[in-house]
Amino acid sequence: ARLAESGGGLVQAGGSLRLTCAASGLKFVGYPRAWFRQVPGEEREFVAHVNWNGERTYYSESVEDRFTISRDNAKNMVYLQMNNLKPEDTAVYYCAARLGSATTDARDYNHWGQGTQVTVSS
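Residues numbered from 1 in each chain as written. Predicted model: local features only at pLDDT ≥ 70, side-chain atom pairs only at ≥ 80, totals over all residues. Heavy atoms only, no water.

*Asks:* Hey, could you run me through the environment of Gln 81 in this one?
*Replies:* In this fold, Gln 81 is placed in strand 8 (residues 77–82). With 28 residues separating them along the chain, Gln 81 and Tyr 109 place their C-alpha atoms 21 Å apart. Residues within four places of Gln 81 in sequence aside, it is in contact with Ser 16, Leu 17, Arg 18, Arg 66, Phe 67 and Thr 68. At 2.9 Å, the side chain of Gln 81 and the side chain of Asn 83 are in polar contact. (Helix = DSSP H or I, 4+ residues; strand = E, 2+ residues; numbered from the N terminus. Contact = heavy atoms within 4.5 Å. Polar contact = N/O pair within 3.5 Å; in protein donor to acceptor, adjacent residues only side chain to side chain.)

*Asks:* I would appreciate a short explanation of the nonpolar core in the present structure.
*Replies:* Buried together is how nonpolar side chains tend to be arranged in soluble globular proteins. Trp 35, Val 47, Phe 67, Ile 69, Leu 80, Met 82 and Tyr 93 are the most contacted members of the largest nonpolar core, which totals 26 residues. Secondary-structure elements contributing two or more residues to this core are strand 3 (17–24), strand 5 (45–50), strand 7 (67–72), strand 8, strand 9 (91–97) and strand 11 (116–121). Beyond its immediate chain neighbours, meaning those up to four positions away, Ile 69 contacts Arg 33, Ala 34, Trp 35, Ala 48, His 49, Val 50, Thr 57, Tyr 59, Val 78, Tyr 79 and Leu 80. Counting residues in each nonpolar core, the second largest holds 6 residues, with Phe 36, Ala 96, Ala 106 and Tyr 109 among its members. (Core = buried A, V, L, I, M, F, W, Y, C linked by side-chain atoms within 4.5 Å. Buried < 20%, exposed > 50% of the residue type's maximum accessible area, 1.4 Å probe, protein only.)

*Asks:* How should I be thinking about the pairing of strand 7 in this particular structure?
*Replies:* Residues in a regular strand point their side chains to alternate faces of the sheet. What you see with strand 7 is a clean split: Phe 67, Ile 69 and Arg 71 sit on the buried side and Thr 68, Ser 70 and Asp 72 on the side with no burial. Of the pairings in the sheet, the one linking strand 7 to strand 8 comprises 6 bridges and is antiparallel in character. Considered in strand 8, the bridge of Asp 72 is made with Met 77. Taken together, strand 7 and the strand that follows it, strand 8, pair antiparallel across an intervening segment of 4 residues, in which Asn 76 is found at a positive phi of about 60°. (Pairing = 2+ DSSP bridges.)

*Asks:* Is there a simple way to explain the side chain of Arg 66 in this structure?
*Replies:* Of note, Arg 66 is situated in the loop between strand 6 (57–59) and strand 7. Within the structure, the side chain of Arg 66 is placed 3.0 Å from the backbone oxygen of Asn 84, a separation counted as a polar contact. Residue contacts for Arg 66: discarding those within four places in its chain leaves Gln 81, Met 82, Asn 83, Asn 84, Leu 85, Lys 86 and Asp 89.

*Asks:* Explain the environment of Ser 121 to me, please; I cannot follow it from the model alone.
*Replies:* Along the chain, Ser 121 falls in strand 11. Separated by 15 residues in the primary sequence, Ser 121 and Ala 106 have C-alpha atoms spaced 27 Å apart.

*Asks:* Even after reading the chapter, I still don't get the pairing of strand 3, so can you show me in this structure?
*Replies:* In this structure, strand 1 (residues 2–6) lies alongside strand 3, joined through 5 bridges in antiparallel fashion. Paired with Arg 2 across the bridge in strand 3 is Ser 24.

So far we have only geometry, and geometry alone does not tell us how the molecule works.
Structure representation (structure tokens):
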């Protein structure tokens, strides 16, 4: 079972991107899923998480009202719609999964994708 992110790229401030996390293996269908991001020299930062059926979501204060996390269990996919992007959103974005309740601590997650780079120019 593995996770694979896609959809990153270069965008101007104010623009939008949609990240996709594809999961292989049925084990992730019932797992909470999360997005984190990381810039060089800094710790991995929580962005958003969604519970197993998509009914509950939670966001960091820095992205609330601009980003939307969603999932499609039939396709075993999780998405992060990012609107009104800012230069400070520039980072490598990672998809994560864990067994149990969703949390905001990266140390709680034991399944990670390889990351996708998002760069926002001013």
